[in-house]
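# Coordinates in review
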Amino acid sequence: MTTINPVIENSWKQLLSEEFRSEYFFKLKEFIIREKKKYKIYPPGSEIFSAFNYTLFDKVKVVILGQDPYHGKGQANGLCFSVKDGIAKPPSLQNIFKELQNDLGYPIPVSGNMEKWAQQGVLLLNATLTVRAGQAGSHQNKGWENFTDAVIKTLSEKKENLIFILWGAFAQAKEKLIDTSRHYIIKSAHPSPFSADRGFFGSHPFSRTNEFLKKAGVKEIDWSL
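Residues numbered from 1 in each chain as written. Predicted model: local features only at pLDDT ≥ 70, side-chain atom pairs only at ≥ 80, totals over all residues. Heavy atoms only, no water.

### Notes on the overall build of the chain
Within the chain one finds nine helices and six strands. In terms of C-alpha radius of gyration, the chain reaches 17 Å, essentially the compact-globule figure of 17 Å for 225 residues. Taken over the C-alpha atoms alone, the chain extends approximately 50 × 35 × 25 Å along its principal axes. Here the chain, with 225 residues, has 53% of them falling under the buried criterion. A separation threshold of at least 6 residues defines the contact pool for the chain, and within that pool the share at least 24 residues apart is 65%. (Helix = DSSP H or I, 4+ residues; strand = E, 2+ residues; numbered from the N terminus. Rg over C-alpha atoms; globule rule 2.2 N^0.38 Å. Buried < 20%, exposed > 50% of the residue type's maximum accessible area, 1.4 Å probe, protein only. Contact = heavy atoms within 4.5 Å.)

Below, the structure written as structure tokens:
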């Protein structure tokens, strides 16, 4: 089996080397190559592993789980819920920022780019790391979920006192991969306009995360953007 050499930071590459050598990842790579010949794929290849390149394994404090990259032009930047500078904020991200303002009193950020969070140790991880332009969910069940489940399990097994923020049923289904005796879980409804009023608003995920970090003796996140 050929080893895949993704554009991913070295500590992650070593930790996940078995995944990159696996049959499912080889098939996933072949699938993406075929897709790129026919369709526009988001995010760009150099940004597929941005979550790992911004947040090195040793620096991870918090994990926010998303589902798919944005499928609109120029939106996806490899960090879940985040968009590039100058791109209009999608509805779920608008609601995340409303809750940030409600929770901590920060003004609504001008940009939806959350690289500043990632650089402080917030792993912004989608379950599926690529998508076909204009077609939500088009790269689900092709192997990415095997990979990102392995990431969650690796974090759970090799680190302590992480905070996993699970918004919505999809993310909450990943709780079974997490050792809750070693880590903290923050759960609520998804920030989507369809569900934000059913428990996302008022859930205070940002202040609660910092309370857990403080309790663990870890530097808190500056959530301002």
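### Points about the packing of helix H5 (residues 91-104) against helix H9 (residues 205-215)
Their axes nearest at 7 Å, the elements H5 and H9 cross at an angle of 60 degrees. In terms of orientation, H5 lies oblique with respect to H9. Contacts between H5 and H9 pair Ile96, Glu99, Leu100, Asp103 and Leu104 from the former with Pro205, Phe206 and Ser207 from the latter. (Axes fitted to C-alpha atoms, helices over the stretch in contact; angles between N-to-C directions. Parallel < 35°, antiparallel > 145°, perpendicular 65-115°, else oblique.)

### Observations regarding the sheet that holds strand S2 (residues 62-66)
An order of S3-S2-S5-S6 is seen for the four strands of this open sheet, with the pairing classed as parallel. Looking at which strands have only one partner, the edges of the open sheet turn out to be strand S3 (122-126) and strand S6 (184-188). Between one strand and the next, the sheet's axes are offset by a mean angle of 20 degrees, whatever the strand orientation. Against the sheet, H9 touches S2, strand S5 (163-167) and S6, its axis set at about 170 degrees to S6. (Pairing = 2+ DSSP bridges.)

### Let's talk about the nonpolar core
Counting 60 residues, the largest nonpolar core has Trp12, Phe49, Phe52, Phe147 and Leu155 as the members making the most contacts within it. Residues contacting Trp12, with those up to four places away along its chain left out, are Phe52, Thr55, Leu56, Phe57, Val60, Leu123, Val151 and Leu155. (Core = buried A, V, L, I, M, F, W, Y, C linked by side-chain atoms within 4.5 Å.)

### Some words on the packing of aromatic side chains
For any two aromatic rings, the description comes down to two numbers: the centre-to-centre distance and the angle of the planes. What the rule picks out here adds up to 21 aromatic pairs. Ring geometry for Phe206 and Trp223: centres 4.9 Å apart, planes at 65 degrees, overall edge-to-face. In this pair, Phe206 is assigned in helix H9 and Trp223 in the segment after H9, connecting sequence segments 17 residues apart. You'll find Phe206 and Trp223 in the same group, each marked buried. In this structure, Arg132 packs its charged tip against the face of Tyr39, placed 3.8 Å from the ring centre. Lying across the ring of Phe57, Lys159 places its NZ or CZ 5.0 Å from the centre. (Phe/Tyr/Trp six-rings, centres within 6.5 Å; stacked < 30°, edge-to-face > 60°. Lys NZ or Arg CZ within 6 Å of the ring centre and 35° of its normal.)

### Focus on the pairing of S3
Of all five residues that make up S3, five are buried, and the element is covered over most of its length. In S3, alternate side chains face the same way, and those of Val122, Leu124 and Asn126 on one face and Leu123 and Leu125 on the other are all buried. Judged from the five bridges that link them, S2 and S3 form a sheet pairing that is parallel. Residue pairing in the sheet places Val62 in a bridge with Val122 of S3.

### Section: the side chain of His139
The residue His139 is located in the loop between strand S4 (131-132) and helix H7 (144-158) in this model. Residue class for His139 comes out buried when judged on its relative accessible area of 0%. Side chain to side chain, His139 and Thr130 meet in a polar contact 2.7 Å long. Those residues in contact with His139 that lie beyond four places of it in its chain are Phe31, Glu35, Ile41, Thr128, Thr130, Val131, Arg132 and Trp144. (Polar contact = N/O pair within 3.5 Å; in protein donor to acceptor, adjacent residues only side chain to side chain.)

No statement about biological role is implied by the geometric values presented.
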